[in-house]
Amino acid sequence: MAGKFILLVEDNPDDEQLTRRALAKNNITNELVIAHDGVEALDFLFATGPHAGRDTRETPQVILLDLKLPRIDGLEVLRRLRADDRTRLLPVVILTSSNEERDLIDGYSLGANSYVRKPVDFSQFLEAARQLGLYWLLLNEPAPPGTGA
Amino acid sequence: MRISLERKIALGFGAATVILVAVGVAAFRSTTATIASAGWVAHTLDVRADLEATLATISDAEAGVRAFALTGSSGFLAPFNSAGPTLDRLLGRLHGLTADNADQQRRLDSLTILVRERLAALQRVAALRRARGVAAAAREVESGFGRQLRGPIWATIGAMAAAESELLDQRSADLRTRTRLARVAAWAGTLIALGILGGAASLIQRDLAGRRRAEAAMRESEERYRLLFDNSPLPAWVFDLETLRFLTVNAAAVTAYGYTPEEFQTLTIRDIRPPEEIPALEARMNLLRLGGVKDGLWRHRRKDGTLLEVEVVSHAVTYGGRPATLVLSHDVTQRIRDDAALRHYATQLEAANAELDAFAYSVSHDLRAPLRSIDGFSLALLEDYHDQLDPQGRQFLERVRAGTQRMGQLIEDLLTLSLVTRREMHRDTVDLSGLAVQIAAELRRDDPERHVEFVIAAGVTAQGDAHLLESVLENLLGNAWKYTRKHPRARIEFGRRTENGTATYFVRDDGAGFDMAYAGKLFGAFQRLHAAADFDGTGIGLATVQRVVHRHGGKVWAEAAPDRGATFYFTLA
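Throughout what follows, the structure given in this document is the object of discussion. (Residues numbered from 1 in each chain as written. Chains lettered and ligands numbered in written order. Predicted model: local features only at pLDDT ≥ 70, side-chain atom pairs only at ≥ 80, totals over all residues. Heavy atoms only, no water.)

This part is about the sheet that holds strand β11 (residues 556–560) of chain B. Residues and elements named next belong to chain B. Taken together, 5 strands build an open sheet; the order of strands is β7-β9-β10-β12-β11 and the sheet is mixed. Unpaired on one side and paired on the other, β7 (451–456) and β11 mark the two borders of the sheet. Between one strand axis and the next, the sheet turns by 15 degrees as a mean value, whatever way the strands run. Here β11 runs beside strand β12 (residues 566–571); their pairing, made up of 5 bridges, is antiparallel. Residue pairing for β12: Glu559 is matched across the bridge by Thr567. Against the sheet, helix α12 (residues 466–483) makes contact with β7, β9 (489–499), β10 (502–509) and β12, and its axis sits at roughly 30 degrees relative to β10, the strand it touches most. (Pairing = 2+ DSSP bridges. Helix = DSSP H or I, 4+ residues; strand = E, 2+ residues; numbered from the N terminus. Axes fitted to C-alpha atoms, helices over the stretch in contact; angles between N-to-C directions. Contact = heavy atoms within 4.5 Å.)

Have a look at this one:
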């Protein structure tokens, strides 16, 4: 896959669809890769399991990471991301319903770049998606690929 | 150098004794001297008597010879005849008596010569009378040889007598002086001795009196302590440090342990403990004997076998001359049970709080997600199927969305409310005025078109948790802002006043107010006094305010009238 793509780690199919919709409504046409839990996310990023053989130098422009995930949860994914040179520098936006202080602190401590709450009101969600897209896909410059080592 | 009382007294008595002995010696010597002097007087009298006898003998001899010279009668010669031996005897005695005085001896020698010559002269006169008659005798007498002798004899005798008198005077004076000295010494010595004895006596007296007082004080003090010991509400006893037997117990101990005082006398402190406690007791006893640890928590056993937990305080004492220990025993069985129960409840409380925390966390995530779905897909419907829906259909969907958003808000408020209860309070000095100003600015920013006058008292501070107090003001000012929405110009006040010495804070608005009849429902969770159409809200705000205020130990209440605004008051402890 060429071009900038977004990795969305989200277990809730409703949220997944709504996120797609929100991005689409904001004319963000980049490819959206979905991982439904932490294991899938790590498999994808490290080219293991079902994703074996993938070129790990092809990294997402940004990772939208939910926290409450089955099997391996969001914070653990973040921890492992940051521990591996291949993924250490990837931008990670925690996108979650929780506004518990604990999660905020843990997220930032583990190296997340941003923390955004998912609002209940969808129109607000749309606006959040628009801003996220604008910033992370257009404005922000990620590290050059393969420079984590 | 401090001298002990006993030494002082010993020294005193010693000195007194020495002085008295000295006085005695002086007195003895004085008496001896007096006797000696009496002897001297007799001696002088003897000498004088002998001298007078000598004179008398010579005079008699002279008179006899004169008479013989006149009359020729030899009967008159008798004194003369006896004069010789008499004078020998007298002079001989005088010689003995004056043996110690050289001058007197010399005089005596010349007297002896004179006397002999006088006798010889008289002998001649007598012989002449006998031989030649009166005239020859008269001539001898006239020749004056005899007469010449008379002067010196009288003079010598006089001198000897005078000398003897003088000697006597001297000796008397001497004696008087010595006697006076001795007397003075005796007086002085006696007085000093008496003084010392008096001093010693007074010292002894004082010491005895002091001792008696100390004994009395100690007895009294013992009496008091005895009283305290006997009447102490805490069981107390004294046990012998070596044999561990009970020496004395008080009434409370009898009641607490069930043994009579007599029974206690037969027991040791081992007997009031259950067997498993004995090793610990032995260990403690060693420590105690070394003067060590004094207090502790123990398990004791009553006569009827029931156990009790006691807090023991001990103190080393001397009882009946033996080392012993005074013990106060405080039954803390109930307290320990209460402590255990408290700890149990505390643990339960902690567990409950942990559960609450987990619950709130889960609510954060799990309840919001479905809401988002409902809202999101409703909007999707509205947008994508707009043309296929009639106004009613569209309206239904709008209401669905409104419902979910409202539920989202309710969840937020519930979470806030629970946070208020479970959050740890950090007390500090909080600048309420500053907070009010900030909140007012935010309200203005969110709704710039409104004309609201804020009157915020400056410098209002309070002791409490900054976060929680912030939420109080947010709610109260937010309400004031909300309920003055319908007024073109509104006025919101925040300040503090002092009522009965307590600081009372208030937020006042001149908005919709409410009917005081429903004031009781004001602070109930989800209770509302206005229709949602007029003023929206979940009814949680005031419940939150009340909870925060109560956690600070204060009170909250309100006064209002419909359309005449409302004032909310609160205190913090």
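Here the focus is the pattern of salt bridges. If you walk through the whole model with that rule in mind, you get 38 salt bridges over all chains. A salt bridge links Asp384 of chain B to Arg21 of chain A; the shortest N-O distance between them is 2.6 Å. With Asp384 of chain B in helix α9 (residues 333–384) and Arg21 of chain A in helix α1 (residues 13–25), the pair connects residues from two separate chains. For Asp384 of chain B, a relative accessible area of 44% gives the class partly exposed. What makes Arg21 of chain A buried here is its relative accessible area of 15%. Across the pair Glu76 of chain A and Arg79 of chain A runs a salt bridge whose closest N-O atoms are separated by 2.4 Å. With a gap of 3 residues between them, Glu76 of chain A and Arg79 of chain A both fall in helix α3 (residues 74–83), about one helical turn apart. Looking at Arg79 of chain A, the relative accessible area reads 43%, which means it is partly exposed. (Salt bridge = Lys/Arg side-chain N within 4 Å of Asp/Glu carboxyl O. Buried < 20%, exposed > 50% of the residue type's maximum accessible area, 1.4 Å probe, protein only.)

A few words now on the packing of helix α2 (residues 78–97) of chain B against helix α3 (residues 102–132) of chain B. All names here are of chain B. Where α2 contacts α3, the two axes come as close as 11 Å, and the packing angle between them is 175 degrees. Here α3 runs roughly antiparallel to α2, going by the angle between their axes. Where α2 abuts α3, its residues Phe80, Ala83, Gly84, Leu87, Asp88, Leu91, Leu94 and His95 lie against Gln105, Leu108, Leu111, Thr112, Val115, Arg116, Leu119, Leu122 and Gln123. (Parallel < 35°, antiparallel > 145°, perpendicular 65-115°, else oblique.)

On to the sheet that holds strand β1 (residues 5–9) of chain A, then. Residues and elements named next belong to chain A. The sheet built from 5 strands is open, its strands ordered β2-β1-β3-β4-β5 with parallel pairing. Looking at strand neighbours, the two that pair on one side only are β2 (31–35) and β5 (114–117), the edges of this open sheet. For this sheet the average axis-to-axis angle between neighbouring strands, irrespective of direction, equals 20 degrees. As defined by bridge partners, strand β4 (residues 92–96) adjoins β5 across 4 bridges and the pair is classed as parallel. Following the sheet pairing, Ile94 is matched in β5 by Tyr115.

On to the pairing of β2 of chain A. All names here are of chain A. With 4 of 5 residues buried, β2 lies mostly within the body of the structure. In this structure, β1 lies alongside β2, joined through 5 bridges in parallel fashion. Each residue of the ladder has a partner; that of Leu8, found in β2, is Ile34. Between β1 and its parallel partner β2, the chain crosses via α1, and the hand of that crossover is right-handed. (Right-handed = clockwise from strand over helix to strand, strands pointing away.)

Residue and element names in this part refer to chain B. Inspection of the secondary structure assignment puts Glu62 in helix α1 (residues 5–71). Note on Glu62: relative accessible area 4%, which makes it buried. Looking at Glu62, its side chain comes within polar contact range of the side chain of Arg118, at 2.4 Å. If we ignore the near neighbours within four places in the chain, the residues touching Glu62 are Arg118, Leu122 and Arg150. (Polar contact = N/O pair within 3.5 Å; in protein donor to acceptor, adjacent residues only side chain to side chain.)

For soluble globular proteins, the rule of thumb is that nonpolar side chains tend to be buried together. Residue and element names in this part refer to chain B. The biggest cluster of nonpolar side chains holds 39 residues, and the ones touching the most others in it are Leu432, Leu477 and Phe568. Secondary-structure elements contributing two or more residues to this core are α11 (432–446), β7, α12, β9, β10, α13 (541–551), β11 and β12. With 8 residues, the top contributor of residues to this core is α12. Ignoring sequence-local partners within four residues, the contact set of Phe568 consists of Leu476, Tyr505, Phe506, Val507, Phe514, Leu522, Phe523, Leu542, Trp557 and Ala558. In terms of nonpolar packing, the next biggest core, distinct from the first, is built from 30 residues, Leu91, Leu94, Val115 and Leu149 among them. (Core = buried A, V, L, I, M, F, W, Y, C linked by side-chain atoms within 4.5 Å.)

Turning our eyes to something else, we now look at a nonpolar patch on the surface. Residues and elements named next belong to chain A. Taken together, the side chains of Leu134, Tyr135, Leu138 and Leu139 define a hydrophobic patch exposed on the protein surface, amounting to about 440 Å² of accessible area. With respect to the element layout, Leu139 can be found in helix α5 (residues 122–139). Relative accessible area serves as the criterion here: at 63%, Leu139 is assigned to the exposed category. (Patch = residues over 30% accessible without salt bridge, like charges linked within 9 Å, V, L, I, M, F, W, Y side chains within 5 Å. Areas by Shrake-Rupley, 256 points an atom, 1.4 Å probe, with all protein chains shown as cover.)

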